[in-house]
Amino acid sequence: MAQPKLYQVEGVVLARRDFGEADRVVTVLTPVERVDLLAHGVRKTRSRKSGHLELFCTTQLLISRAKSSWDVVSQAEATTTRAALREDFNRGTYARYVAELVLRFFEGETGEPLYRLVEATLSLLEAEPHLERVVRWYEQQLLALAGFRPELDYCVGERDSEACGAALHPRPQDSQPYGFSPERGGALCPDCSYALRAERGVLLLSPSALSWLQGFQRRHYSELGDYEFPSRTQREVARVMERYIIHHLERRPAVLRLMGDHEVSATGSHVGDG
Ligand SMILES: [Zn+2]
(Lines give C-alpha, C1' and ligand atoms only; values in the text may rest on other atoms or scores of the structure.)
Protein backbone atom coordinates (compact mmCIF):
# COMPACT_ATOMS: atom_id res chain seq x y z
CA MET A 1 0.00 0.00 0.00
CA ALA A 2 1.34 3.43 -0.90
CA GLN A 3 2.29 5.71 1.98
CA PRO A 4 0.13 8.82 2.31
CA LYS A 5 1.91 11.90 1.04
CA LEU A 6 2.74 14.61 3.53
CA TYR A 7 2.71 18.28 2.72
CA GLN A 8 3.26 21.44 4.69
CA VAL A 9 1.19 24.60 4.46
CA GLU A 10 0.30 27.69 6.45
CA GLY A 11 -3.39 28.40 6.98
CA VAL A 12 -5.98 30.37 8.92
CA VAL A 13 -8.74 28.42 10.66
CA LEU A 14 -12.08 29.86 9.51
CA ALA A 15 -14.54 27.29 10.84
CA ARG A 16 -14.63 24.09 12.85
CA ARG A 17 -17.20 21.41 13.43
CA ASP A 18 -17.21 18.32 15.60
CA PHE A 19 -16.89 14.99 13.88
CA GLY A 20 -17.25 11.55 15.39
CA GLU A 21 -16.47 11.16 19.07
CA ALA A 22 -13.25 13.11 19.43
CA ASP A 23 -12.42 14.46 15.98
CA ARG A 24 -13.00 17.78 14.34
CA VAL A 25 -13.24 19.03 10.76
CA VAL A 26 -11.49 22.36 10.37
CA THR A 27 -12.03 24.67 7.41
CA VAL A 28 -8.75 26.36 6.62
CA LEU A 29 -7.83 29.12 4.21
CA THR A 30 -4.30 28.73 2.84
CA PRO A 31 -2.50 30.90 0.26
CA VAL A 32 -3.78 28.55 -2.45
CA GLU A 33 -7.13 27.15 -1.39
CA ARG A 34 -9.97 26.88 1.04
CA VAL A 35 -9.96 23.35 2.35
CA ASP A 36 -11.61 21.08 4.94
CA LEU A 37 -9.19 18.99 7.00
CA LEU A 38 -9.77 16.23 9.50
CA ALA A 39 -8.08 16.61 12.89
CA HIS A 40 -8.08 13.36 14.82
CA GLY A 41 -8.63 13.36 18.56
CA VAL A 42 -8.46 17.11 19.07
CA ARG A 43 -11.48 17.15 21.36
CA LYS A 44 -9.67 14.97 23.87
CA THR A 45 -8.38 17.06 26.76
CA ARG A 46 -4.83 15.83 26.32
CA SER A 47 -4.65 16.61 22.61
CA ARG A 48 -1.52 18.56 21.75
CA LYS A 49 -2.97 19.77 18.47
CA SER A 50 -6.20 21.32 19.72
CA GLY A 51 -4.76 24.64 20.94
CA HIS A 52 -3.14 25.11 17.54
CA LEU A 53 -6.38 24.64 15.61
CA GLU A 54 -8.51 27.23 17.38
CA LEU A 55 -10.77 29.50 15.36
CA PHE A 56 -8.87 32.41 13.69
CA CYS A 57 -5.41 31.00 14.44
CA THR A 58 -2.72 31.13 11.80
CA THR A 59 -1.13 27.72 11.91
CA GLN A 60 1.72 25.83 10.28
CA LEU A 61 0.21 22.53 9.22
CA LEU A 62 1.69 19.22 8.29
CA ILE A 63 -0.98 17.39 6.36
CA SER A 64 -1.24 13.87 5.09
CA ARG A 65 -3.12 13.45 1.90
CA ALA A 66 -6.03 11.05 2.04
CA LYS A 67 -7.47 9.54 -1.10
CA SER A 68 -11.05 8.93 -0.15
CA SER A 69 -11.80 11.50 2.54
CA TRP A 70 -10.58 14.79 3.93
CA ASP A 71 -6.84 15.24 4.19
CA VAL A 72 -5.65 14.75 7.77
CA VAL A 73 -3.82 17.20 10.02
CA SER A 74 -0.69 15.39 11.24
CA GLN A 75 0.87 18.32 13.08
CA ALA A 76 -0.23 21.88 13.84
CA GLU A 77 1.79 24.73 15.27
CA ALA A 78 0.03 28.07 15.72
CA THR A 79 2.16 31.08 14.79
CA THR A 80 -0.52 33.70 15.53
CA THR A 81 -3.20 32.71 18.02
CA ARG A 82 -5.47 35.83 18.01
CA ALA A 83 -6.93 34.99 21.41
CA ALA A 84 -8.77 38.33 21.59
CA LEU A 85 -11.05 37.20 18.76
CA ARG A 86 -12.24 34.28 20.85
CA GLU A 87 -12.35 36.01 24.22
CA ASP A 88 -13.97 39.32 23.23
CA PHE A 89 -17.52 38.71 22.02
CA ASN A 90 -17.71 41.87 19.93
CA ARG A 91 -14.38 41.37 18.17
CA GLY A 92 -15.27 37.70 17.71
CA THR A 93 -18.54 38.59 16.01
CA TYR A 94 -16.70 40.73 13.47
CA ALA A 95 -14.14 37.98 12.92
CA ARG A 96 -16.93 35.47 12.27
CA TYR A 97 -18.36 37.82 9.70
CA VAL A 98 -14.97 38.00 7.97
CA ALA A 99 -14.78 34.20 7.89
CA GLU A 100 -18.37 33.90 6.74
CA LEU A 101 -17.84 36.09 3.70
CA VAL A 102 -14.85 34.02 2.62
CA LEU A 103 -16.83 30.82 3.03
CA ARG A 104 -19.75 32.20 1.06
CA PHE A 105 -17.85 33.80 -1.77
CA PHE A 106 -15.01 31.32 -2.23
CA GLU A 107 -14.73 27.58 -2.65
CA GLY A 108 -11.77 25.42 -3.60
CA GLU A 109 -8.85 27.26 -5.19
CA THR A 110 -8.24 30.79 -3.96
CA GLY A 111 -5.03 32.79 -3.98
CA GLU A 112 -2.39 34.68 -2.09
CA PRO A 113 -4.19 38.09 -2.20
CA LEU A 114 -7.25 36.66 -0.42
CA TYR A 115 -5.08 34.96 2.15
CA ARG A 116 -3.14 38.17 2.86
CA LEU A 117 -6.41 40.13 3.11
CA VAL A 118 -7.98 37.73 5.61
CA GLU A 119 -4.78 37.56 7.68
CA ALA A 120 -4.49 41.34 7.77
CA THR A 121 -8.16 41.86 8.60
CA LEU A 122 -8.20 39.37 11.48
CA SER A 123 -5.09 40.96 12.93
CA LEU A 124 -6.69 44.41 12.64
CA LEU A 125 -9.82 43.15 14.39
CA GLU A 126 -7.72 41.94 17.26
CA ALA A 127 -6.22 45.34 17.99
CA GLU A 128 -8.08 48.14 16.21
CA PRO A 129 -10.62 50.28 18.07
CA HIS A 130 -12.59 50.97 14.85
CA LEU A 131 -14.11 47.60 14.01
CA GLU A 132 -16.78 48.93 11.65
CA ARG A 133 -14.13 50.68 9.59
CA VAL A 134 -12.13 47.45 9.38
CA VAL A 135 -14.99 45.27 8.12
CA ARG A 136 -16.27 47.88 5.67
CA TRP A 137 -12.78 48.14 4.19
CA TYR A 138 -12.53 44.35 4.15
CA GLU A 139 -15.84 44.01 2.28
CA GLN A 140 -14.64 46.24 -0.55
CA GLN A 141 -11.34 44.38 -0.85
CA LEU A 142 -13.00 40.97 -0.69
CA LEU A 143 -15.68 41.85 -3.25
CA ALA A 144 -12.99 42.96 -5.69
CA LEU A 145 -11.14 39.64 -5.27
CA ALA A 146 -14.40 37.72 -5.68
CA GLY A 147 -15.14 39.53 -8.95
CA PHE A 148 -18.01 41.60 -7.52
CA ARG A 149 -16.34 44.98 -7.17
CA PRO A 150 -19.13 47.57 -7.08
CA GLU A 151 -18.64 50.53 -9.45
CA LEU A 152 -18.16 53.57 -7.25
CA ASP A 153 -16.18 55.90 -9.51
CA TYR A 154 -18.69 56.32 -12.34
CA CYS A 155 -22.47 56.46 -12.29
CA VAL A 156 -24.07 53.14 -13.29
CA GLY A 157 -27.40 54.82 -14.04
CA GLU A 158 -29.12 55.64 -17.28
CA ARG A 159 -31.60 58.23 -18.42
CA ASP A 160 -33.66 58.06 -21.62
CA SER A 161 -31.95 54.69 -22.35
CA GLU A 162 -28.50 56.28 -22.41
CA ALA A 163 -25.82 55.10 -19.98
CA CYS A 164 -24.84 57.97 -17.71
CA GLY A 165 -21.24 57.21 -16.72
CA ALA A 166 -20.73 60.52 -14.92
CA ALA A 167 -17.58 60.62 -12.77
CA LEU A 168 -18.53 60.63 -9.08
CA HIS A 169 -16.74 63.16 -6.87
CA PRO A 170 -18.83 63.44 -3.71
CA ARG A 171 -18.32 66.63 -1.68
CA PRO A 172 -19.78 67.57 1.70
CA GLN A 173 -21.55 70.55 0.17
CA ASP A 174 -23.46 68.44 -2.40
CA SER A 175 -27.11 69.28 -1.88
CA GLN A 176 -28.64 66.24 -3.61
CA PRO A 177 -28.09 62.67 -2.42
CA TYR A 178 -26.29 60.11 -4.57
CA GLY A 179 -27.72 56.63 -4.94
CA PHE A 180 -26.74 52.99 -4.98
CA SER A 181 -28.26 50.22 -7.05
CA PRO A 182 -27.31 46.63 -6.12
CA GLU A 183 -28.94 45.43 -9.35
CA ARG A 184 -26.97 47.82 -11.55
CA GLY A 185 -23.84 47.09 -9.55
CA GLY A 186 -22.80 50.44 -8.15
CA ALA A 187 -23.35 54.08 -7.33
CA LEU A 188 -25.61 56.63 -9.00
CA CYS A 189 -25.02 60.33 -9.57
CA PRO A 190 -27.61 62.64 -7.92
CA ASP A 191 -29.55 63.09 -11.18
CA CYS A 192 -29.79 59.34 -11.86
CA SER A 193 -30.54 58.67 -8.20
CA TYR A 194 -33.55 60.95 -8.51
CA ALA A 195 -34.61 59.67 -11.94
CA LEU A 196 -34.38 56.01 -10.85
CA ARG A 197 -35.81 56.50 -7.34
CA ALA A 198 -38.75 54.18 -8.06
CA GLU A 199 -36.58 51.41 -9.49
CA ARG A 200 -36.29 48.18 -7.51
CA GLY A 201 -33.60 48.19 -4.84
CA VAL A 202 -32.31 51.74 -5.41
CA LEU A 203 -31.00 53.27 -2.16
CA LEU A 204 -30.09 56.83 -1.32
CA LEU A 205 -26.44 57.44 -0.56
CA SER A 206 -25.10 60.53 1.20
CA PRO A 207 -21.95 62.21 -0.18
CA SER A 208 -20.16 61.15 3.01
CA ALA A 209 -21.12 57.47 2.62
CA LEU A 210 -20.06 57.42 -1.04
CA SER A 211 -16.80 59.09 -0.18
CA TRP A 212 -16.03 56.50 2.52
CA LEU A 213 -16.94 53.63 0.18
CA GLN A 214 -14.57 55.01 -2.46
CA GLY A 215 -11.83 55.25 0.15
CA PHE A 216 -12.37 51.67 1.28
CA GLN A 217 -12.16 50.48 -2.29
CA ARG A 218 -9.13 52.51 -3.36
CA ARG A 219 -6.89 52.45 -0.34
CA HIS A 220 -5.10 50.07 1.90
CA TYR A 221 -6.40 50.18 5.44
CA SER A 222 -3.26 51.86 6.71
CA GLU A 223 -3.83 54.71 4.23
CA LEU A 224 -7.30 55.58 5.52
CA GLY A 225 -5.90 57.90 8.14
CA ASP A 226 -7.48 58.90 11.41
CA TYR A 227 -10.60 60.53 10.03
CA GLU A 228 -13.63 59.88 12.15
CA PHE A 229 -16.14 57.49 10.56
CA PRO A 230 -19.36 59.12 11.83
CA SER A 231 -21.86 56.64 13.27
CA ARG A 232 -24.60 57.80 10.93
CA THR A 233 -22.37 57.16 7.92
CA GLN A 234 -21.34 53.81 9.41
CA ARG A 235 -24.95 52.69 9.51
CA GLU A 236 -25.59 53.91 5.99
CA VAL A 237 -22.54 52.19 4.52
CA ALA A 238 -23.33 48.98 6.42
CA ARG A 239 -26.90 48.93 5.11
CA VAL A 240 -25.91 49.56 1.50
CA MET A 241 -23.22 46.88 1.56
CA GLU A 242 -25.51 44.37 3.23
CA ARG A 243 -28.02 44.79 0.40
CA TYR A 244 -25.29 44.52 -2.19
CA ILE A 245 -23.76 41.39 -0.69
CA ILE A 246 -27.10 39.65 -0.24
CA HIS A 247 -27.99 40.53 -3.81
CA HIS A 248 -24.88 38.74 -5.10
CA LEU A 249 -25.00 35.77 -2.77
CA GLU A 250 -28.57 35.08 -3.81
CA ARG A 251 -27.50 35.00 -7.38
CA ARG A 252 -24.92 32.35 -6.73
CA PRO A 253 -26.56 29.10 -5.72
CA ALA A 254 -23.20 27.38 -4.99
CA VAL A 255 -22.66 29.89 -2.19
CA LEU A 256 -26.30 30.27 -1.24
CA ARG A 257 -26.45 26.76 0.12
CA LEU A 258 -23.82 27.75 2.67
CA MET A 259 -25.83 30.66 3.99
CA GLY A 260 -26.91 30.46 7.63
CA ASP A 261 -29.52 32.25 9.70
CA HIS A 262 -27.23 34.91 11.08
CA GLU A 263 -26.91 36.66 7.74
CA VAL A 264 -24.48 39.59 8.02
CA SER A 265 -25.44 40.18 11.63
CA ALA A 266 -22.23 42.09 12.11
CA THR A 267 -23.03 44.69 9.48
CA GLY A 268 -25.98 46.46 10.95
CA SER A 269 -26.40 45.66 14.58
CA HIS A 270 -22.99 46.36 15.99
CA VAL A 271 -21.41 49.75 15.84
CA GLY A 272 -17.67 49.87 16.49
CA ASP A 273 -16.69 49.58 20.10
CA GLY A 274 -14.33 52.53 19.94
ZN1 LIG B 1 -25.86 59.30 -13.55
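In this text the structure is predicted, and so the values were computed from the model without any measurement.

Thresholds applied
Residues numbered from 1 in each chain as written. Predicted model: local features only at pLDDT ≥ 70, side-chain atom pairs only at ≥ 80, totals over all residues. Heavy atoms only, no water. Helix = DSSP H or I, 4+ residues; strand = E, 2+ residues; numbered from the N terminus. Contact = heavy atoms within 4.5 Å. Donors = N, O, S within 2.8 Å, 3.2 Å for Na, K, Ca; no water. Tetrahedral: all angles 85-135°; square planar, octahedral: opposite > 155°, others 65-115°. Pairing = 2+ DSSP bridges. Axes fitted to C-alpha atoms, helices over the stretch in contact; angles between N-to-C directions. Parallel < 35°, antiparallel > 145°, perpendicular 65-115°, else oblique. Nonpolar A, V, L, I, M, F, W, Y, C, P; charged D, E, K, R; others polar. pLDDT = per-residue confidence, 0-100. Phe/Tyr/Trp six-rings, centres within 6.5 Å; stacked < 30°, edge-to-face > 60°. Buried < 20%, exposed > 50% of the residue type's maximum accessible area, 1.4 Å probe, protein only.

### Quick word on the overall build of the chain
Secondary structure assignment for the chain yields nine helices and ten strands. Excluding contacts between residues fewer than 6 apart, the proportion of contacts in the chain whose partners are at least 24 apart in sequence is 63%.

### Points about the coordination of the zinc ion
The zinc ion binds to the protein through Cys155 (SG), Cys164 (SG), Cys189 (SG) and Cys192 (SG), with metal-donor distances spanning 2.2 to 2.3 Å. What the four donor atoms of the zinc ion show is an angle range of 102 to 116 degrees at the metal, which sorts the shape as tetrahedral. Read from N- to C-terminus, the donor residues coordinating the zinc ion fall into the pattern C-x8-C-x24-C-x2-C.

### Regarding the sheet that holds strand 4 (residues 58-64)
If you walk around this closed barrel you meet the five strands as 1-2-3-5-4, and the pairing is mixed. The mean inter-strand angle of the sheet, taken between neighbouring strand axes irrespective of direction, is 50 degrees. By the bridge criterion, seven bridges tie strand 1 (residues 6-19) to strand 4 in an arrangement that is antiparallel. Across the sheet, residue Gly11 finds its bridge partner in strand 4, namely Thr59.

### Examining the packing of helix 2 (residues 89-105) against helix 3 (residues 112-127)
It is at 9 Å that the axes of helix 2 and helix 3 come closest, and there the two elements cross at 170 degrees. In terms of axis orientation, helix 2 runs roughly antiparallel to helix 3. Two secondary-structure elements touch here, helix 2 through Arg91, Tyr94, Ala95, Val98 and Val102 and helix 3 through Leu114, Val118, Thr121, Leu122, Leu125, Glu126 and Ala127. The residue makeup of the contact of helix 2 with helix 3, split by class, is nine nonpolar, one polar and two charged.

### A few points about the sheet that holds strand 9 (residues 186-188)
Pairing within the open sheet is antiparallel, and its three strands lie in the order 9-8-10. Every other strand in the sheet has two partners, leaving strand 9 and strand 10 (203-205) as the edge strands with one partner each. Taking each pair of neighbouring strands and ignoring which way they run, the sheet shows an average axis angle of 40 degrees. The pairing of strand 8 (residues 178-181) with strand 10 spans three bridges and is classified as antiparallel. Following the sheet pairing, Phe180 is matched in strand 10 by Leu203. Most of the contacts of helix 7 (residues 231-250) go to strand 10, to which it runs at about 140 degrees, and overall it touches strand 8 and strand 10.

### Details of the confidence of the model for the chain
Taken as a whole, the chain shows an average pLDDT of 88; of its residues, 90% reach a score of 70 or greater. Confidence drops under pLDDT 50 across residues 251-274; counting only partners more than four residues distant or on other chains, this segment forms 51 contacts. Both confidence scores are given for the complex: pTM 0.88, ipTM 1.00.

### A few points about the packing of aromatic side chains
Evaluated as defined, the whole model comprises seven aromatic pairs. On the numbers, 5.7 Å between centres and 50 degrees between planes, the contact of Phe105 with Phe148 is tilted. Remark: Phe148 occurs in the loop between helix 4 (131-146) and strand 6 (158-159) and Phe105 occurs in helix 2; sequence separation between them is 43 residues. Like Phe105, the residue Phe148 is buried in the burial classification. Grouped by ring-pair contacts, the aromatic residues Trp212, Phe216 and Phe229 constitute a single cluster.

### Re unusual backbone geometry
For Phe56, which is not a glycine, the phi torsion comes out positive at approximately 75 degrees. Phe56 gets classed as buried once you look at its relative accessible area, which sits at 1%.

### Looking at the pairing of strand 1
Alignment of strand 1 against strand 2 (residues 23-29), held across seven bridges, turns out to be antiparallel. Pairing of Arg17 across the sheet is with Val25, part of strand 2. Linking two consecutive strands that pair antiparallel, namely strand 1 and strand 2, is a turn of three residues; a positive phi of about 60 degrees is found at Gly20 within it.

### A closer look at the pairing of strand 4
Of all seven residues making up strand 4, five are buried, and the element is well covered by its neighbours. Relative to strand 5 (residues 71-80), strand 4 runs antiparallel, the two sharing seven bridges. Bridge pairing links Gln60 to Glu77 in strand 5. As consecutive antiparallel partners, strand 4 and strand 5 are separated by six residues.

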